[in-house]
Amino acid sequence: VEERSVCQRMANVFEALARLDPRFEGLKVDYVFSPASGFYFNRATGKVTVSEESKQDRRRVQRVIQDFKDDKINVLISTSVVEEGLDVRKCNLVIKYDFPKTFRSYVQSKGRARQKPSKYVMFLDVAGNDKKKLQEYREVEELSMKECHYYENPDEIEDDRDEVPMFFADPEHPETSAFINGIEAISLISKYVAKIPVDRFTRLTPVWHLRKVVDDGPQNMLLRGLGLGQ
């Protein structure tokens with residue numbers, strides 16, 4: 001779900017269902033949501049400090065996730081916090097109550113249904129734009145799978161590395177110069193910025209502008225799905 005309040009209320013409903021209906025007495029329910037950032041500047045110490053509330057939220061997330069891994073609970077209701085790199089065990093059923101707003105959210109939530117056999121269920125607003133958006137997600141997903149699993153037969157690849165001359169970038173002649181694509185550029189700039197020395201209160205973040213290019217090719221379609229294309 002998207003909202004904290006919905007997450008907690010839904011957990012209460014499932015807990016009541018397990019108490020009142022013998023058919024669901026095996027449900028062991030808990031919930032987690034993204035902890036508040038809780039960062040503030042402590043003038044007394046001159047340091048950035050995390051609030052106690054934020055610390056408690058983070059400890060609770062760790063405890064509930066561990067309980068889920070240890071089978072102490074078998075129904076976990078959460079916000080997007082479980083999509084964001086936490087070590088969550090393989091699930092055999094994932095239900096997306098709120099439609100994912102981005103392709104990234106769609107892939108991350110779907111990726112949690114890794115236990116075999118598993119199911120991924122999504123609620124759609126058929127009167128709205130969800131059905132069309134889901135079709136776009138599926139097309140981008142199919143395209144990305146093809147790109148990831150594409151390979152050439154190594155027997156058909158000639159090793160001509162010794163025949164390729166060194167190639168340098170020449171800003172004065174871009175048509176014949178070496179170049180990188182948008183994803184590589186973002187990665188290189190981010191690595192460069194991360195190496196710039198700053199004080200502990202400064203966080204440098206690269207900013208870029210996208211220029212619309214009319215291109216319906218498969219690569220641009222994949223970039224649009226990732227939120228990088230136009």
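Residues numbered from 1 in each chain as written. Predicted model: local features only at pLDDT ≥ 70, side-chain atom pairs only at ≥ 80, totals over all residues. Heavy atoms only, no water.

Bringing the packing of aromatic side chains into the picture now. Given two aromatic rings, one states the distance between the centres and the angle between the planes to describe the pair. Evaluation of the coordinates by the stated rule reveals seven aromatic pairs. Taken together, a centroid distance of 6.2 Å and an interplanar angle of 35° make the contact between Phe103 and Tyr106 tilted. With a gap of three residues between them, Phe103 and Tyr106 both fall in helix α3 (residues 103-110), about one helical turn apart. Here the aromatic rings of Tyr106 and Tyr137 are separated by 5.4 Å at their centres, their planes lie at 25°, and the arrangement is stacked. A residue pair is termed long-range when its members are at least 10 positions apart, and Tyr106 in helix α3 and Tyr137 in helix α4 (residues 130-149) qualify at 31 residues. On the accessibility criterion, Tyr106 (2% relative accessible area) is buried. Put simply, the rings of Phe99, Phe103, Tyr106, Tyr120 and Tyr137 pair up and form one aromatic cluster. Across the ring face of Tyr31, the terminal group of Arg60 is positioned such that the distance to the ring centre comes to 4.2 Å. (Phe/Tyr/Trp six-rings, centres within 6.5 Å; stacked < 30°, edge-to-face > 60°. Helix = DSSP H or I, 4+ residues; strand = E, 2+ residues; numbered from the N terminus. Buried < 20%, exposed > 50% of the residue type's maximum accessible area, 1.4 Å probe, protein only. Lys NZ or Arg CZ within 6 Å of the ring centre and 35° of its normal.)

Here helix α2 (residues 52-69) is 18 residues long and its end C-alpha atoms lie 26 Å apart, about the 26 Å a rise of 1.5 Å per residue gives. Of all the residues in α2, the buried ones are Ser54, Asp57, Val61, Val64, Ile65, Asp67 and Phe68. Along the axis of α2, the buried residues cluster in a sector spanning 155°; they form a single face. Backbone geometry just after α2 places Asp71 at a positive phi near 65°. (Expected span 1.5 Å × (residues − 1). Arc of directions from axis to C-beta.)

This next bit is on the pattern of salt bridges. Within this structure, the stated rule accounts for six salt bridges. The closest approach of N and O atoms between Arg60 and Asp30, which form a salt bridge, is 2.9 Å. Remark: Asp30 occurs in strand β1 (residues 29-32) and Arg60 occurs in helix α2; sequence separation between them is 30 residues. Residue classification places Arg60 among the partly exposed positions, given a relative accessible area of 22%. Overall, the relative accessible area of 12% leaves Asp30 in the buried class. Salt-bridge contacts for Lys110 lead to Glu141; the nearest nitrogen and oxygen are separated by 3.1 Å. In this pair, Lys110 is assigned in helix α3 and Glu141 in helix α4, connecting sequence segments 31 residues apart. (Salt bridge = Lys/Arg side-chain N within 4 Å of Asp/Glu carboxyl O.)

The phi dihedral of Asp71 is positive, around 65°, even though this residue is not glycine. Topologically, Asp71 is positioned in the loop between α2 and β4 (75-78). With relative accessibility at 45%, the residue Asp71 sits in the partly exposed group.

Core analysis: the largest hydrophobic core is formed by twelve residues, namely Val32, Val61, Val64, Ile65, Phe68, Ile73, Val81, Val82, Val88, Cys91, Val94 and Ala113. With four residues, the single largest contributor to this core is α2. Excluding anything up to four places from it in sequence, Val32 contacts Cys7, Arg60, Val61, Val64, Leu76, Ile77, Ser78, Thr79, Val81 and Val82. In terms of nonpolar packing, the next biggest core, distinct from the first, is built from nine residues, Val1, Val29, Tyr31 and Phe33 among them. (Core = buried A, V, L, I, M, F, W, Y, C linked by side-chain atoms within 4.5 Å. Contact = heavy atoms within 4.5 Å.)

Glancing now at the confidence of the model for the chain. With 67% of its residues at a pLDDT of at least 70, the chain reaches an overall mean of 77. A low-confidence stretch, residues 154-164 (pLDDT under 50), is modelled with one contact involving residues beyond four sequence positions or located in other chains. (pLDDT = per-residue confidence, 0-100.)

Bringing helix α1 (residues 4-20) into the picture now. The terminal C-alpha atoms of α1 lie 25 Å apart, and with 17 residues this matches the ideal 24 Å at 1.5 Å per residue to within 8%. Taken together, the buried positions of α1 are occupied by Val6, Cys7, Ala11 and Ala18. Down the axis of α1, the buried side of the element spans an arc of 135°, and every buried residue falls inside it. Those residues of α1 that are exposed and angled more than 90 degrees off the buried face are Arg9, Val13, Arg19 and Leu20. Buried residues along α1 sit in contact with β1 and β4.

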